[in-house]
Amino acid sequence: GARDGGQGALSLSLREKDALISQLQADASNLNAELEAQAEDNAHLTSAVEEANAAAAEFKDIAATAQALVEGAERAHRDQMSALVVDARAQALDLAAEFQKKVDQLNAKLATANAEIIVMRSAAAASAATAAADSAAAFELCTQLRAQVLAGEEVRRELHNLLHALKGNIRVVCRLRPAGLAGAGLFNQESGNSAEIYRTFDGGRALELSGLSGTGLREVQLKSNSKDGKESRLATPHKLNGGGPPPGSRWTFSFDKVFEPASSQAEVFAEVAPLCQSALDGYKVVIFAYGQTGSGKTHTMLGDVSDVESRVLSGRGSSRKARRTDNGVAPEGSKASSEVDAGAGVIPRALGLLFQKAEEAKTAGWAFEFEASLLEVYNEELRDLLPDSTGPAPPTSGLALQHGLKGDVTVTGLTSHAVHSQSDATTLLAKATAARTTAKTSCNEHSSRSHSICVLRVSGFHQESGERVRGCLSLVDLAGSERIKESGVSGARLKEAQSINKSLSALGDVIAALAAKEKHIPFRNSKLTSLLQPSLGGASKALMVVNVAADPSNWNESLCSLRFAQKVSGVSRDRNK
């Protein structure tokens, strides 16, 4: 490039020189012509011509000098360009050598990398083959383990069902009314003899009701070992320290469990908890509390009613927290997916346990959905306690029972609510409790005037096996039987008491017919027994908590409750023979 530039400049100088020479020659010619023209006319111009010729000669010398300078410049430029070309060629050769060296190094590295890639590909192929084999083995193992889990789940359900069948499909536990419960009137006048007329034995599976002697000591002359708890000979009632069994009288009853007044809510629920699993396994399960008014049924099933009702206004799902385990309460510091009150009863604990078990079942591939309905039987009328889930509302009537061909019973018109968590269930329960019919009587300050039923329908699906289960958990808080004379009711309260006693009497007739294995069971004699029909027969599971007021003044009503519970317990034993 530099050489081309130099040559261009040299060419330009030569053209300028040629042009200058041409111009000078033209000027000389013109001068010669003029001199020759004027030589004839004017002799004195000769000297001027001679001077012009001298000038022309001088110009020729200058041109020669310029020509020499141009030629010298050209030679110097050619020499310089030659030196530059040589130097450029040397630098290019050096750069080419350096570039080739780097290319050779890169080629060597590329060859090494290619060799490593070949080795790695071979290793990867071997690893892929091993991984494929391991994956196939792992998949086969997972398939076997899943099959074993499913088979184990089936065995667990069969064993769980067998265990409850051996215990009796209708199980009965007894609970002596905890001391100090607020709300009872006449039946809360607990005397110092309450602990004397009852005694638990046989490892907490038997209860003895006996009279006191005049000195406060228990007589042992009368003893009953019969299944229905009847005494060996009749004794006339009498009053002692405000009322109590006749001196020397004794009745013994055997149940699945007897809870003393000091037993906690968690201890009671521990006996109930296994039935919740049966609902998830696809069985119909009913848990109900029975006993005279003021014996602690609502406390057993719900807990503190005033605390439950307060949640309707506060919007809370729970209050005083105690972490829950399988028996209802877990120690402080442990983790749980949901929580219940320390004083919560069977119903909120059962709901919480169901949601906990459903969450745990997700790891085994199960997905569960829940729907809840809450209703009451009031004066032989079915009433929806949750007509609107957005807030407290008065119960709605107009519901009807529909009996199926297979003994199923549905309630047409009953509202059903999807439940996604224990908090949802507790909120619905609180609203239903606030809407339930209660009234003050001489026997109980907060007497339940209806039978309350919480129905939780369970639907489960296993994605891998395609298995579906449908269970139902019914939690029933029965209204208490009461002696109308002592309750001091009249008007509407009297009608309620008569309806309660009539429905409980119908329940007694059903239990008696089941115990006697009669062909016709009078389930349809009342709305209560019609609702309980699916849970008292077939492969269903039932548990009754008979609640007993521990005060001696209530001994007669307590004796009736215990005798009824003994009949219910007899049904389970007869069905397992």
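Numbering of residues starts from 1 in each chain and follows the order in which that chain's sequence is written. Local features are withheld for residues below a pLDDT of 70 in this predicted model, meaning they are given only at 70 or higher, and side-chain atom pairs are given and counted only at 80 or more; totals for whole chains, interfaces and linings count all residues. The side-chain numbers reported here are obtained from all heavy atoms of the structure, hydrogens and water having been left aside.

**Considering the packing of helix 4 (residues 265–280) against helix 7 (residues 346–361)**
Under this scheme, a helix contributes an axis fitted over its contacting stretch, all axes are lines through C-alpha atoms, and angles between N-to-C directions fall in the 0 to 180 degree range. Labels follow the DSSP assignment, with helices taken as runs of H or I lasting at least four residues and strands as runs of E lasting at least two, numbered in each case from the N terminus. In the contact formed by helix 4 and helix 7, the axes pass within 9 Å of each other and the chain directions differ by 45°. As far as their axial angle goes, helix 7 and helix 4 are oblique. Here helix 4 and helix 7 pass one another in a crossing that is right-handed. Every residue of helix 7 that contacts helix 4 at Gln265, Ala266, Val268, Phe269, Val272, Ala273, Cys276, Gln277, Ala279 and Leu280 is listed here: Val346, Arg349, Ala350, Leu353, Leu354, Lys357 and Ala358. Roughly parallel here means an angle under 35 degrees, roughly antiparallel means over 145, roughly perpendicular means 65 to 115, and every remaining angle is called oblique. Note: crossing handedness is left-handed where the near helix turns anticlockwise from the far helix by less than a right angle, and right-handed where it turns clockwise. We call two residues in contact whenever any of their non-hydrogen atoms come within 4.5 Å of each other.

**Brief notes about the sheet that holds strand 2 (residues 198–201)**
Strands pair, by our definition, only if DSSP identifies at least two bridges between them. Judged by pairing direction, the sheet is antiparallel, and its three strands sit side by side in the order 2-3-4 without closing on themselves. Each edge of the sheet is formed by a strand with only one pairing partner; in this case those strands are strand 2 and strand 4 (250–254). Strand-to-strand twist across the sheet, computed as the mean angle between neighbouring axes with direction ignored, equals 20°. Bridge count between strand 3 (residues 206–210) and strand 4: five bridges; the pairing is antiparallel. Along strand 4, the bridge assignment pairs Ser210 with Arg250.

**Digging into the side chain of Ser530**
Turning to its location among the elements, Ser530 is positioned in helix 11 (residues 527–532). Other than its neighbours up to four places away in sequence, Ser530 contacts Leu401, His403, Val409, Phe523 and Arg524.

**Description of the environment of Lys502**
With respect to the helices, strands and loops of the structure, Lys502 is situated in helix 10 (residues 492–515). Three labels apply to residues, based on accessible area from a 1.4 Å probe with only protein chains included: buried if under 20% of the type maximum, exposed if over 50%, partly exposed otherwise in between. We classify Lys502 as exposed; its relative accessible area is 58%. Taking C-alpha positions, Lys502 is 9.6 Å from Asn525, a pair spaced 23 residues apart along the chain.

**Examining the environment of Glu36**
Inspection of the secondary structure puts Glu36 in helix 1 (residues 2–41). Judged by its relative accessible area of 58%, Glu36 is exposed. The spatial distance from the C-alpha of Glu36 to the C-alpha of Thr46 is 8.8 Å, given a sequence separation of 10 residues.

**Looking at the pattern of salt bridges**
Note on definitions: salt bridges are taken to be side-chain nitrogens of Lys or Arg within 4 Å of carboxyl oxygens of Asp or Glu. The final tally for this structure, using the stated rule, is eight salt bridges. The shortest N-O distance in the salt bridge between Arg250 and Glu208 comes to 3.0 Å. You can see Arg250 sitting in strand 4 and its partner Glu208 sitting in strand 3, a full 42 residues away along the chain. Classification of Arg250 by relative accessible area gives buried; the value is 10%. A single salt-bridge network, built from bridges that share partners, covers Arg171, Asp256 and Glu271.

**Considering the confidence of the model for the protein chain**
Confidence scores labelled pLDDT are given residue by residue by the predictor and lie between 0 and 100. For the protein chain, per-residue confidence averages 76 on the pLDDT scale, and residues scoring 70 or more make up 71% of the total. Averaged pLDDT values for the elements of the protein chain fall to 36 in strand 7 (residues 321–323) and rise to 93 in strand 5 (residues 257–259). Across residues 214–242 the pLDDT falls below 50, and counting only partners more than four positions away or on other chains, this stretch makes 61 contacts in the model. Across residues 572–577, where pLDDT falls below 50, the model places 20 contacts with residues more than four positions away in sequence or in other chains.

**Some words on the pairing of strand 10 (residues 381–384)**
Strand direction decides the pairing type here: strand 9 (residues 366–378) and strand 10, joined by four bridges, are antiparallel. Bridging from a neighbouring strand, Val377 pairs with Leu382 of strand 10. Where strand 9 folds back onto strand 10 in an antiparallel hairpin, the turn is made up of two residues, including Asn379, whose phi is positive at roughly 50°.

**Considering the side chain of Glu74**
Among the secondary structure elements, Glu74 is positioned in helix 2 (residues 46–167). When charges are tallied, Lys and Arg are placed among the positive residues and Asp and Glu among the negative ones, while His and the ends of the chain are skipped. One buried charged side chain, Glu74, makes no salt bridge at all; its nearest oppositely charged neighbour is Arg78, positioned 4.0 Å away. Excluding its chain neighbours within four sequence positions, the residues that come into contact with Glu74 are Leu10 and Leu14.

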